[in-house]
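Architecture and fold: a report
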Amino acid sequence: MRRCLVGVVAVLAVGVGVVMSGCGDGRPGRVPVTAPVGGEPAATVAPIAAPPAPPAPPGLRLPDDVRPTRGELELTVVPDAAALDGVARYQLTVARPTAIVWLNAVGLEVASATIDGQPARVIPGGDQAIGVMAAAPLAVGVATVEVRFRAPIARDRSVGVYAEREGDAWYAYTFFEAIDARRAFPCFDEPGFKIPWTLRLRVRAEHVALGNAAVVAEAPAPDGMKLVTLAETRPLPSYLVAFVVGPFELVDGGVAGRAQTP
């Protein structure tokens, strides 16, 4: 049964009256905020702020508030594995204050990210990008963003990093043109972003790792692996980064062209 209560409280000394009424089922109801005795203004209750809307992802092009100036990739590539593990690191020029660095990425599993060595939050950016969000907006100047990730090694088509079998051996290759570097590593995957690249490839000790820059060092690594470091390239867009890994045979073909390229 519902009960209705009406109460009148008169404070004769100051002539202030408060009327409270309510109908309910006996459970506590809401009590209105009223002016206290003495004529002080009534208290106000601020509305609860709605949670901030997620940042809008970029469209076809990445925003130009940050630009990469140099890229480094450290990739563990085993051709017969389902995926590669990697770290992508970029030096940036910040043209306008921003808290988010947007990068192209498709089909990647992102483990973590940092900006200037501090943990950053990774946010979705649609099906073509991710955002790396700093704790506070980046000031105009320089910064460094790093992303740890896993990328698939394709078997059914020649896209991104893919592998093919020859006899009993597997070989890994890359095909990034025009916008498939983003399937291999987070990047600024537009031809307008031309930067020098340094690649470090962790591969099986018996495998050969080559890219579009000369090998400058090889060093043993744990678990039967080795680390192959390539020289820094000239400024290249991401789609021109290239490497191969596998049990290749190398044949010295001499040099060719005006530049006497090996």
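Placed above this text is the structure.
With respect to the packing of aromatic side chains
The full count for this structure, using the stated rule, is eight aromatic pairs. Residues Phe-176 and Phe-185 carry aromatic rings whose centres are separated by 5.7 Å and whose planes lie at 85 degrees to one another, so their mutual orientation is edge-to-face. Each of the two residues, Phe-176 as well as Phe-185, counts as buried. Among the aromatic side chains, those forming a connected cluster through ring pairs are Tyr-90, Phe-176, Phe-185, Phe-188, Phe-193 and Trp-197. In this arrangement the basic side chain of Arg-155 is found over the ring face of Trp-170, its NZ or CZ atom lying 4.5 Å from the centre.

Re the nonpolar core
In this structure, Leu-73, Tyr-90, Val-101, Phe-185, Phe-188, Trp-197 and Phe-243 are the most contacted members of the largest nonpolar core, which totals 54 residues. Leave out the neighbours within four places in its chain, and Leu-73 touches Val-87, Ala-88, Tyr-90, Phe-185, Trp-197, Thr-198, Leu-199, Arg-200 and Val-241.

A word on the sheet that holds strand 9 (residues 141–152)
Spatially, ten strands are ordered 5-8-7-6-9-4-3-12-15-14 in an open sheet, and the strand pairing comes out mixed. With one partner strand each, in any of the chains shown, strand 5 (98–104) and strand 14 (215–221) form the two edges of the open sheet. With strand direction ignored, the average angle separating the axes of adjacent strands in the sheet is 25 degrees. Taken together, the twelve bridges between strand 4 (residues 83–94) and strand 9 define a ladder with antiparallel strand orientation. When the bridges of strand 9 are listed, Val-87 appears paired with Arg-148.

So, how was this worked out
Residues numbered from 1 in each chain as written. Predicted model: local features only at pLDDT ≥ 70, side-chain atom pairs only at ≥ 80, totals over all residues. Heavy atoms only, no water. Phe/Tyr/Trp six-rings, centres within 6.5 Å; stacked < 30°, edge-to-face > 60°. Buried < 20%, exposed > 50% of the residue type's maximum accessible area, 1.4 Å probe, protein only. Lys NZ or Arg CZ within 6 Å of the ring centre and 35° of its normal. Core = buried A, V, L, I, M, F, W, Y, C linked by side-chain atoms within 4.5 Å. Contact = heavy atoms within 4.5 Å. Pairing = 2+ DSSP bridges. Helix = DSSP H or I, 4+ residues; strand = E, 2+ residues; numbered from the N terminus. Axes fitted to C-alpha atoms, helices over the stretch in contact; angles between N-to-C directions.

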